[in-house]
Amino acid sequence: MDGNGRWAAQRAKQRWAGHAAGVEALKLVVEAAPLHGIDTLTVFAFSADNWRRPKAEISQLMGFFASFIGSETAQLIECGVRLSVIGRRDRLGPGIVAAIARAEAATAGGTTLHLRIAIDYSARAAILQAANMPAADVSRELTIEEFSLRLCGDLTTSDVDLIIRTSGEQRLSDFLLWEVAYAELHFTERLWPDFGPQDLALALHDYATRDRRFGAIPEQVSAVECAEPKSLSAHPR
Ligand code: IPE
Ligand code: MG
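Note that this is a predicted model, so its numbers are computed, not measured. Per chain, residue numbering runs from 1 following the sequence as it is written. Going through the entries in the order they are written, you letter the chains from A and number the ligands from 1. Residue-level local features of this predicted model are given only where pLDDT is at least 70; pairs of side-chain atoms are given and counted only at 80 or more, and the full residue set underlies all totals for whole chains, interfaces and linings. Only hydrogens and water are set aside when side-chain values are computed; all heavy atoms of the structure are taken into account.

## Looking at the site of ligand 1
Near, as used in this document, describes a residue that has one of its heavy atoms within 4 Å of the molecule or strand being considered. Near ligand 1 lie 13 residues; those nearest to it are Gly5, Arg6, Arg15, Ala45 and Arg53. By the criterion applied in these results, polar contacts are pairs of N or O atoms within 3.5 Å in which, for protein atoms, one can donate a hydrogen and the other can accept it, and in which residues neighboring in sequence qualify only through two side-chain atoms. Contact distances for ligand 1 include 3.1 Å between an oxygen atom and a backbone N or O atom of asparagine 4. For ligand 1, an oxygen atom lies 2.7 Å from a polar atom in the side chain of arginine 6. Working definition of accessibility: Shrake-Rupley area with a 1.4 Å probe, residue cover restricted to the visible protein chains. For ligand 1, the protein covers 91% of the area, taking 380 Å² as the surface of the free molecule.

The structure is reproduced here in structure tokens:
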């Protein structure tokens, strides 16, 4: 969800106004995603490196996250959205940690869309943590599937189909590095607050033109695998 600051600067507004507009854009995208058959949407809200920002901006961002998570819970339940937050929690304030836990529990039954918000997230740190977990059986090496389970908790989130990177940036910035092994990449100049359902549709149209072979030759790949993306990621920073 990148480009909030530039969006604000273009309008001679303060950065927080860009973040506020970014929250509104997120609401519309969450609403639109399931209409396209997306079942998992992961958005990068705050990276482990975003702690380098000024304290005042960090606390504004945390305020936006807490208020989105708290005030949207009822709406998410109504729309069948299950909310999860990925990333470290030990550096977040107790208020937001409690709000996350409440929202995750309250929305746990949602089956229309799994919305994952990455806060204080670093893919490399997550991979390292999974690698350092004590093994139940040290006599053999882990399989890729077992490692995915360690890292992601469940296999429904272990393979991202499409990454959307907004605001003209073209890098992964430590986002879902393991999970994007075969992801298609879509880059758009659109700043996140301006990114709307029509941009999502455009990205999905672009995705649909891609020839996904997963290393095989075309006739080997089943039509099912080439169909619509199920797991989508929108990127910040
Ligand atoms: C993304 O917008 C929001 C977060 C990282 C939380 P930015 O704040 O990075 O916006 P730009 O890159 O300065 O435009
Ligand atoms: Mg940025």
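From this point, the discussion proceeds with the structure in view.
## Topic: the environment of leucine 162
Summarising the element assignment, leucine 162 is placed in strand E4 (residues 162-165). Between the C-alpha atom of leucine 162 and that of glycine 109, which follows or precedes it by 53 residues, the distance is 25 Å. Between two residues, a contact is recorded if the distance between any of their heavy atoms is within 4.5 Å. When residues no more than four places from it in sequence are discounted, the contact partners of leucine 162 are Ala183, Glu184, His186, Ala203, Leu204, Tyr207, Pro229, Ser231, Leu232 and Ser233. Secondary structure elements follow DSSP: runs of H or I no shorter than four residues count as helices, runs of E no shorter than two count as strands, and numbering proceeds from the N terminus.

## Some words on the side chain of threonine 166
Summarising the element assignment, threonine 166 is placed in the loop between E4 and strand E5 (184-187). Residue threonine 166 is classed as buried on the basis of its relative accessible area of 0%. In this structure the side chain of threonine 166 is engaged in a polar contact, spanning 2.8 Å, whose partner is the backbone oxygen of aspartate 2. Think of it in three bands: with a 1.4 Å probe and only protein chains considered, a residue is buried below 20% of the maximum accessible area for its type, exposed above 50%, and partly exposed in between.

## Side note on the pairing of E4
Residues Leu162 and Ile164 of E4 are buried on one face, and the alternating residues Ile163 and Arg165, pointing to the opposite face, are buried as well. Examined bridge by bridge, E4 and E5 share four bridges and lie parallel to one another. Bridge pairing in E5 places arginine 165 opposite phenylalanine 187. Two strands are said to pair when DSSP picks up at least two bridges between them.

## Some thoughts on the nonpolar core
In these notes, a set of buried Ala, Val, Leu, Ile, Met, Phe, Trp, Tyr and Cys residues joined through side-chain atoms within 4.5 Å is what counts as a nonpolar core. Core analysis: the largest hydrophobic core is formed by 42 residues, its most contacted members being Leu41, Ile69, Leu115, Ile117 and Ile119. Of all the secondary-structure elements, those providing two or more residues to this core are helix H2 (15-32), strand E1 (40-47), helix H3 (55-78), strand E2 (81-86), helix H4 (94-106), strand E3 (113-121), E4 and helix H7 (197-208). In terms of residue count, the dominant contributor to this core is H3 (eight residues). Membership of the second largest hydrophobic core comes to eleven residues, among which are Ile86, Ala123, Val160 and Phe175.

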